[in-house]
Amino acid sequence: MIPLQVELQRAVKSTKDEAMTIYEAAEHLKVNVEEVPLIVAQADDLRMIGNDAIIAKRDKTNGWLIGLIILVLFFGISLA
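Throughout what follows, the structure given in this document is the object of discussion. Because the structure is predicted, anything quoted here is derived from the model rather than measured.

## Section: the sheet that holds strand β2 (residues 46–49)
Consider a sheet: its strands pair through backbone hydrogen bonds, and that pairing is either parallel or antiparallel.
Now for step 1: Reading across from one edge, β1-β3-β2 is the order of the 3 strands in this open sheet, with antiparallel pairing throughout. Each edge of the sheet is formed by a strand with only one pairing partner; in this case those strands are β1 (19–21) and β2. Ignoring which end each strand starts from, the neighbouring axes of this sheet average 30° apart.
Now for step 2: Bridge analysis of β1 against strand β3 (residues 53–56) gives 3 bridges, and the strand direction is antiparallel. Across the sheet, residue Thr 21 finds its bridge partner in β3, namely Ala 53.
Now for step 3: Where helix α1 (residues 4–13) meets the sheet, it contacts β1, β2 and β3, and its direction lies at approximately 85° from that of β3.
Now for step 4: Each of β1, β2 and β3 touches helix α2 (residues 22–29); the most contacted strand, β1, lies at about 85° to it.

## Points about the environment of Ala 26
Now for step 1: Relative to the assigned elements, Ala 26 resides in helix α2.
Now for step 2: Linking Ala 26 and Glu 7, residues 19 residues apart in sequence, is a C-alpha distance of 12 Å.
Now for step 3: With residues near it in sequence (within four places) discarded, Ala 26 still touches Val 31, Asn 32, Val 33 and Val 36.

## Comments concerning the pairing of β3
One face of the sheet, then the other: side chains in a regular strand alternate in exactly this way.
Now for step 1: Side-chain alternation along β3 places Ile 54 and Ala 56 on a buried face and Ala 53 and Ile 55 on a face that remains uncovered.
Now for step 2: Where β2 and β3 come together, 4 bridges link them in antiparallel fashion. Bridge assignment links Ile 49 to a residue of β3, and that residue is Ala 53.

Cut-off values and rules
- Residues numbered from 1 in each chain as written.
- Predicted model: local features only at pLDDT ≥ 70, side-chain atom pairs only at ≥ 80, totals over all residues.
- Heavy atoms only, no water.
- Pairing = 2+ DSSP bridges.
- Helix = DSSP H or I, 4+ residues; strand = E, 2+ residues; numbered from the N terminus.
- Axes fitted to C-alpha atoms, helices over the stretch in contact; angles between N-to-C directions.
- Contact = heavy atoms within 4.5 Å.
- Buried < 20%, exposed > 50% of the residue type's maximum accessible area, 1.4 Å probe, protein only.

Okay, here's the thing in structure tokens:
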């Protein structure tokens, strides 16, 4: 059986906007609305916005990593 936080992460990330209300989450998980913030708190990739919205966290390291690689390649090519 999949833990509820993992199931919720998959459900939120599979939506178009990577966002969901706590009411949609409660309906999807078949739990009470009061339990959803506790489940979100256990999930690493989710966060609450306000009192009723859940969003998936964005990974910001990919942008910095790509920028760094481009910068290193630019200097490597210009010095060669």
